[in-house]
Amino acid sequence: DSGVTQTPKHLITATGQRVTLRCSPRSGDLSVYWYQQSLDQGLQFLIQYYNGEERAKGNILERFSAQQFPDLHSELNLSSLELGDSALYFCASSTRGSGHNEQFFGPGTRLTVL
Amino acid sequence: GDSVTQMEGPVTLSEEAFLTINCTYTATGYPSLFWYVQYPGEGLQLLLKATKADDKGSNKGFEATYRKETTSFHLEKGSVQVSDSAVYFCALSRWNNNDMRFGAGTRLTVKP
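One numbering rule holds for all chains: residues counted from 1, following each sequence as written. Labels follow written order: the first chain is A, the first ligand is 1, and so on. In keeping with the model being predicted, local features are shown solely for residues with a pLDDT of at least 70 and side-chain atom pairs are shown and tallied solely at 80 or more, while totals for entire chains, interfaces and linings include all residues. Calculated side-chain values reflect all of the structure's heavy atoms, with hydrogen atoms and water omitted.

**Let's talk about the state of the cysteines**
- Disulfide assignment relies on a single distance test, namely cysteine sulfur atoms paired within 2.5 Å. A full pass over the atoms with the stated rule returns two disulfides over all chains.
- A sulfur-sulfur separation of 1.8 Å characterises the disulfide bridge that pairs Cys-23 of chain A with Cys-91 of chain A. An S-S torsion of about -45 degrees defines the bridge between Cys-23 of chain A and Cys-91 of chain A as left-handed. Of this pair, Cys-23 of chain A sits in strand S3 (residues 19–24) while Cys-91 of chain A sits in strand S9 (residues 87–94), and the two are 68 residues apart along the sequence. Cys-91 of chain A carries the same exposure label as Cys-23 of chain A, and that label is buried.
- Each sulfur in the disulfide pair Cys-23 of chain B and Cys-90 of chain B lies 1.9 Å from the other. Strands here mean DSSP runs of E at least two residues long; helices mean DSSP runs of H or I at least four residues long; both are numbered from the N terminus. In this scheme, a residue with accessible area under 20% of its type's maximum is buried, one over 50% is exposed, and one in between is partly exposed, where area comes from a 1.4 Å probe on protein chains only.

**Observations regarding the packing of aromatic side chains**
Residue and element names in this part refer to chain A.
- The rule is short: rings of Phe, Tyr and Trp, with Trp giving its six-membered ring, pair when the centres are within 6.5 Å, and they are stacked under 30 degrees, edge-to-face over 60, tilted in between. Tallied over the full model, the rule gives 12 aromatic pairs over all chains.
- Both rings, one in Phe-90 and one in Phe-105, keep their centres 6.3 Å apart while their planes meet at 75 degrees; by these two values the pair is edge-to-face. Here Phe-105 lies in strand S10 (residues 104–105) and Phe-90 lies in strand S9, a separation of 15 residues in the sequence. Taken as a pair, Phe-90 and Phe-105 share a single burial class, namely buried.

**Some words on the sheet that holds strand S1 (residues 5–7) of chain A**
All names here are of chain A.
- Within the open sheet, the four strands sit side by side as S1-S3-S8-S7. Their pairing is antiparallel. In this open sheet, the two strands that pair with only one neighbour each are S1 and strand S7 (64–68). Shown here is a sheet whose adjacent strand axes are inclined to one another by a mean of 15 degrees, direction ignored.
- Direction of pairing for S7 relative to strand S8 (residues 74–78): antiparallel, over a ladder of five bridges. Residue Gln-67 lies in a different strand from S8, and its bridge partner there is Glu-75. The criterion for strand pairing is that DSSP finds at least two bridges linking the strands in question. Angles shown run from 0 to 180 degrees and are taken between the N-to-C directions of axes, each axis being a line fitted to C-alpha atoms and, for helices, limited to the stretch in contact.

**Concerning the nonpolar core**
- Within the largest apolar cluster, 26 residues are counted, with the highest numbers of intra-cluster contacts made by Trp-35, Leu-47, Leu-48, Phe-73, Leu-75 and Tyr-88 of chain B.
- Residues belong to a common nonpolar core when they are buried Ala, Val, Leu, Ile, Met, Phe, Trp, Tyr or Cys residues joined through side-chain atoms within 4.5 Å. Residues Trp-34, Leu-46, Ile-47 and Ala-66 of chain A belong to the second largest nonpolar core, which totals 21 residues.

**A closer look at unusual backbone geometry**
- Here the amide bond leading from Thr-7 of chain A into Pro-8 of chain A is cis, since omega sits at -10 degrees, within 30 degrees of zero.
- Within the element layout of this structure, Pro-8 of chain A appears in the loop between S1 and strand S2 (10–13).
- Cis geometry is adopted by the peptide bond preceding Pro-10 of chain B, which originates at Gly-9 of chain B and carries an omega value of -5 degrees.
- With respect to the helices, strands and loops of the structure, Pro-10 of chain B is situated in the loop between strand S1 (3–6) and strand S2 (11–14).
- The phi dihedral of Asp-54 of chain B is positive, around 75 degrees, even though this residue is not glycine.
- On the secondary structure map, Asp-54 of chain B appears in the loop between strand S6 (44–50) and strand S7 (56–59).

**So, the side chain of Ser-72 of chain B**
All names here are of chain B.
- You can see Ser-72 is positioned in the loop between strand S8 (62–65) and strand S9 (75–77).
- The class of Ser-72 is buried, set by a relative accessible area of 4%.
- A distance of 2.8 Å separates polar atoms of two side chains, one belonging to Ser-72 and the other to Thr-70.
- Discounting residues that sit within four places of it in the chain, Ser-72 has contacts with Cys-23, Thr-24, Tyr-25, Leu-33, Thr-65, Tyr-66 and Arg-67. Any N or O atom pair separated by 3.5 Å or less is treated as a polar contact, with the protein-specific requirement of one donor-capable and one acceptor-capable atom, and with residues adjacent in sequence counted only for side-chain atom pairs. When checking whether two residues touch, look at their non-hydrogen atoms; a contact exists if any pair is within 4.5 Å.

**Some words on the pattern of salt bridges**
- We define a salt bridge as a side-chain nitrogen of Lys or Arg found within 4 Å of a carboxyl oxygen belonging to Asp or Glu. The full count for this structure, using the stated rule, is seven salt bridges over all chains.
- The salt bridge involving Glu-102 of chain A is made with Lys-49 of chain B; its shortest N-O contact spans 2.7 Å. You can see Glu-102 of chain A sitting in the loop between S9 and S10 and its partner Lys-49 of chain B sitting in strand S6, one on each of two chains.
- With a relative accessible area of 17%, Glu-102 of chain A lands in the buried category.
- The class of Lys-49 of chain B is partly exposed, set by a relative accessible area of 33%.
- Two residues, Lys-56 of chain B and Glu-63 of chain B, come together in a salt bridge whose shortest N-O distance is 3.6 Å.

**Examining the interface of chain B and chain A**
- With 21 residues of chain B at the interface, the matching set in chain A holds 19 residues.
- Buried area: the accessible area, evaluated with a 1.4 Å probe, that two parts lose upon being put together, summed over both parts. Both sides together, the interface formed by chain B and chain A hides about 1,600 Å², and carbon and sulfur atoms give 56% of it.
- In this assembly, chain B and chain A are joined by one salt bridge.
- Seen at the junction of chain B and chain A, the total is three residue pairs in polar contact (both at pLDDT 80 or more).
- Ranked by the residues each element gives to the side of chain B that touches chain A, the list is headed by strand S5 (residues 32–38) of chain B, at four residues.

So, in C-alpha cells, the structure goes:
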C-alpha cells in the first residue's frame, strides 16, 4: 500500500459526458501528479500540482483539467469524453515538487467510455 | 528532450532463469534513475533507484547499476520466480524537472 488513494476504482460512462477522478496523496506529500496509461500510448504524464499550484504540464488535452485543494487532495476533470479517453488514470505523489524524489502511485481509476 | 528506451517485450522465462531487461536513457545533466513494477490490476510500485553514476540500486533480488558512460540502467535478477511476473518500467527524473519520464514498459512472464 503506497498511501495514495484514488476514487472511484472503476468508472463507466458515455461519450460526451464529464467525469471527476479524485486523488488523496500520501500524508505529508505536497506534490501530486496525474498520468494516463493506455495500451497504445503507454504511461503519459498529464499534469503536476505542488502545494495547490500547477507546476508542470505534459500531454494534457484541453478537455481535461485538474486542481489541488487546500487539503492537498486533487481532482482530475475529464469533459466531452471520447472513446479514446478510455484508459487507466493514475495519481502519484511525492514529498517535493522537483529533485531526485521518487513518486508513489495510487491504484488507479479505470475509465471506460462507451 | 529527456527519454527512456526499454527493450521490447514480452519476455517469457522459466522459473529460476536469469533476467535482464535493458534500459537506456537520454538526458542532460545528471538524472536519477528508477525501476518501477506494475503487478496485474495494481498501480506502479518503486522497485529500486540510483541517484548518481556507479550507484547500484537493489531490492527483492533485483539490481541495476547506473552507468553514465553507456547511459544505461539495466535491470537484472539472478533467479526469477513466478511471482515476479509483472510489467517493469524504467524511468528518470532530473533535479530541475518536475515530471518523471517512463519507458514503454516490459512485460515479464515467468512460467513454473
